[in-house]
Amino acid sequence: MRRVFSLPPLLARVLPLLALSAAAHLTLPDAAAAGGSCWASADTRVISVTTGGTQTIAVRTQGLPPVGRGYRVLGSFAGTSPGTPFFSTFVPLNPDRYFVRTYSVGSRFLPGDSHLGALDANGNGVIRVVVPPNAPNGLIGRTLHHVVVPQQLLVQQPYCSTQDIGMTFAPRGGAGD
């Protein structure tokens, strides 16, 4: 009788990511090595689960190659320290199921395909994190962290990672109230 071994679903998704991260770590330099940098800012840090709302994240880059620049949004409910290597850069997020989901297919908080996009000719971009009204009360008091990873579009090679942008879920009184 042949025995079949299968990995738990989360581990099966994370292992290829870690393998790609290790392999890509040897291929292209990151933005710091190329003299570039990236950072982000947000218009709000609190969103009401009752009324919902939108957090707008502005991304700025400097010193990155002018052609083929895009971005990927990654997120985590598991916090920011110690963080994790991600391809040839480091992201201040702890991997969890949300991290894997934002890497692979996006998130319900990132409408459509907004977890991936292109930066403008100046290396800037805007991402909207949308929380619908009447979000689950279990989110109250939790903080969702996102980073934006500018990357080369064709090979999805990251240049750098922004600092984390936190968004805390409140019962009332956040953006949208």
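Residues numbered from 1 in each chain as written. Predicted model: local features only at pLDDT ≥ 70, side-chain atom pairs only at ≥ 80, totals over all residues. Heavy atoms only, no water.

Engineer: Before we go on, may I ask you to explain the overall build of the protein in this structure?
Structural biologist: Scanning the protein for helices and strands turns up 2 helices and 11 strands. Each helix and strand of the protein, placed in order from N terminus to C terminus, yields the pattern α-β-β-β-β-β-β-α-β-β-β-β-β. Relative to its full complement of 177 residues, the protein shows a buried share of 46%. Taking as baseline every contact in the protein between residues at least 6 positions apart, the subset at least 24 positions apart corresponds to 68%. Surface exposure of the protein reaches about 9,200 Å², of which carbon and sulfur atoms provide 59%. (Helix = DSSP H or I, 4+ residues; strand = E, 2+ residues; numbered from the N terminus. Buried < 20%, exposed > 50% of the residue type's maximum accessible area, 1.4 Å probe, protein only. Contact = heavy atoms within 4.5 Å. Areas by Shrake-Rupley, 256 points an atom, 1.4 Å probe, with all protein chains shown as cover.)

Engineer: Whenever I open this one, helix α2 (residues 97-104) confuses me. Can you help?
Structural biologist: Within α2 the residues assigned to the buried category are Y98, F99, V100, T102 and Y103. The N-cap residue of α2 is D96: its side-chain oxygen and the backbone nitrogen of Y98 are 3.2 Å apart. With its phi angle positive at about 95°, G106 sits one or two positions after the end of α2. (Polar contact = N/O pair within 3.5 Å; in protein donor to acceptor, adjacent residues only side chain to side chain.)

Engineer: Can you walk me through the sheet that holds strand β1 (residues 37-42) in this structure?
Structural biologist: Strand pairing in a sheet relies on backbone hydrogen bonds. The paired strands run either parallel or antiparallel. An order of β1-β3-β8 is seen for the 3 strands of this open sheet, with the pairing classed as antiparallel. With one partner strand each, in any of the chains shown, β1 and β8 (125-131) form the two edges of the open sheet. Here the average twist between neighbouring strands, direction ignored, is 20°. Of the strand pairs in this sheet, strand β3 (residues 53-62) and β8 are connected by 7 bridges, and their pairing is antiparallel. Among the inter-strand pairings, T56 is bridged to a residue of β8, identified as R128. (Pairing = 2+ DSSP bridges. Axes fitted to C-alpha atoms, helices over the stretch in contact; angles between N-to-C directions.)

Engineer: Help me out: how do you make sense of the packing of aromatic side chains in this one?
Structural biologist: Each pair of aromatic rings is reported with the distance of its centres and the angle of its planes. Scanning the model with the defined rule gives 6 aromatic pairs in all. Residues F86 and F99 carry aromatic rings whose centres are separated by 6.4 Å and whose planes lie at 90° to one another, so their mutual orientation is edge-to-face. Of this pair, F86 sits in strand β5 (residues 84-86) while F99 sits in helix α2; the two residues are 13 residues apart in sequence, bridging distant segments of the chain. When its relative accessible area of 1% is taken as the criterion, F86 is described as buried. Clustering of aromatic rings is evident, with ring pairs tying together F86, F87, F99 and Y103. (Phe/Tyr/Trp six-rings, centres within 6.5 Å; stacked < 30°, edge-to-face > 60°.)

Engineer: What should I look at first to understand the pairing of β3 in this one?
Structural biologist: Within a regular strand, side chains alternate between the sheet's two faces. One ladder, built from 6 bridges, connects β1 with β3; its direction is antiparallel. Bridge assignment links W39 to a residue of β3, and that residue is R60.

Engineer: I'm lost on the environment of G53 in this one. Help?
Structural biologist: You can see G53 is positioned in strand β3. Once the C-alpha coordinates of G53 and V129 are considered, the two residues, 76 residues apart in sequence, prove to be 8.4 Å apart.

Engineer: Can you walk me through the nonpolar core in this structure?
Structural biologist: For soluble globular proteins, nonpolar side chains are generally found buried alongside one another. In terms of nonpolar packing, the biggest core is built from 22 residues, with I57, F109, I127 and F169 touching the most fellow members. Of all the secondary structure elements, the ones that give two or more residues to this core are β3, β4 (69-76), β8, β9 (143-152) and β11 (165-170). The contact partners of F109, leaving out residues within four places of it in the chain, are F77, Y98, R128, V129, V130, V131, P132, L139, L144 and F169. Ranked by size, the runner-up nonpolar core spans 9 residues in total, among them F87, L93, F99 and Y103. (Core = buried A, V, L, I, M, F, W, Y, C linked by side-chain atoms within 4.5 Å.)

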